[in-house]
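So the chains spell out like this:
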Amino acid sequence: MSAWPSTGQDAGQDTGAGADPDAGADTGLHVLGPLEQVPVGEGRAFAVAGEQVAVFRLRDGTFRAVSAVCPHKGGPIADGTIDQSEVMCPLHQHAFELATGCSTTGAGPLRSYAVSTDGGGNIVLQLPKPPAPANPTQ
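Residues numbered from 1 in each chain as written. Predicted model: local features only at pLDDT ≥ 70, side-chain atom pairs only at ≥ 80, totals over all residues. Heavy atoms only, no water.

A. Here's a closer look at the nonpolar core. In terms of nonpolar packing, the biggest core is built from 16 residues, with Ala54, Phe56, Ile77, Val87 and Phe96 touching the most fellow members. Counting residues in hydrophobic clusters, the runner-up holds 14 residues, among them Val55, Ala65, Val115 and Leu125. (Core = buried A, V, L, I, M, F, W, Y, C linked by side-chain atoms within 4.5 Å. Buried < 20%, exposed > 50% of the residue type's maximum accessible area, 1.4 Å probe, protein only.)

B. Up close: unusual backbone geometry. In this model, Ala49 sits at a positive phi of 50°, which is unusual for a non-glycine residue. Following the sequence through the fold, Ala49 ends up in the loop between β2 (42–48) and β3 (51–57). One non-glycine residue with positive phi stands out, namely Gln93, at about 60°. Here Gln93 shows up in the loop between β6 (86–88) and β7 (95–97). (Helix = DSSP H or I, 4+ residues; strand = E, 2+ residues; numbered from the N terminus.)

C. Spatial organisation of the pattern of salt bridges. In total, this model carries 2 salt bridges according to the counting rule given. Across the pair Arg44 and Glu42 runs a salt bridge whose closest N-O atoms are separated by 3.0 Å. You can call Glu42 partly exposed: its relative accessible area is 25%. (Salt bridge = Lys/Arg side-chain N within 4 Å of Asp/Glu carboxyl O.)

D. Expanded view of the side chain of Arg57. Inspection of the secondary structure puts Arg57 in strand β3. At 5.7 Å, Glu36 is the nearest oppositely charged side chain to Arg57, a buried residue that forms no salt bridge. Beyond its immediate sequence surroundings of up to four residues, Arg57 is in contact with Leu35, Glu36, Val38, Pro39, Val40, Gly41, Glu42, Thr62, Phe63 and Ile82. (Lys, Arg positive; Asp, Glu negative; His and termini not counted. Contact = heavy atoms within 4.5 Å.)

Keep in mind that these numbers describe shape and distance, not what the molecule does.
Structure follows, in structure tokens:
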């Protein structure tokens, strides 16, 4: 089920209709491409700013995003089976809440990400802003 973005776009850059070219640097927003690249009930893996992220399109049409690599044995989370609230790793059946990344079966947690859609029909992922550099006192 997982696939790298097939749009030819670098998923780590803000591209696509209506995207602000400077938005990624300031807000952590990354346009991943058209909604259609993630079919309803499935997931896809994306490389975004050096991170592997699994994006899922739930049966109600909403999107969820978590780390793409299972903390147990490195399984491909985007290939997992989903329902409305959980994804199950295809390797060893560890389950994770899609909203929080918390494991319901005792594995370590996945990182969860804010994901939405824009007016141009694209999936938009928000990565957390990195911490501000410390200001050395002089």
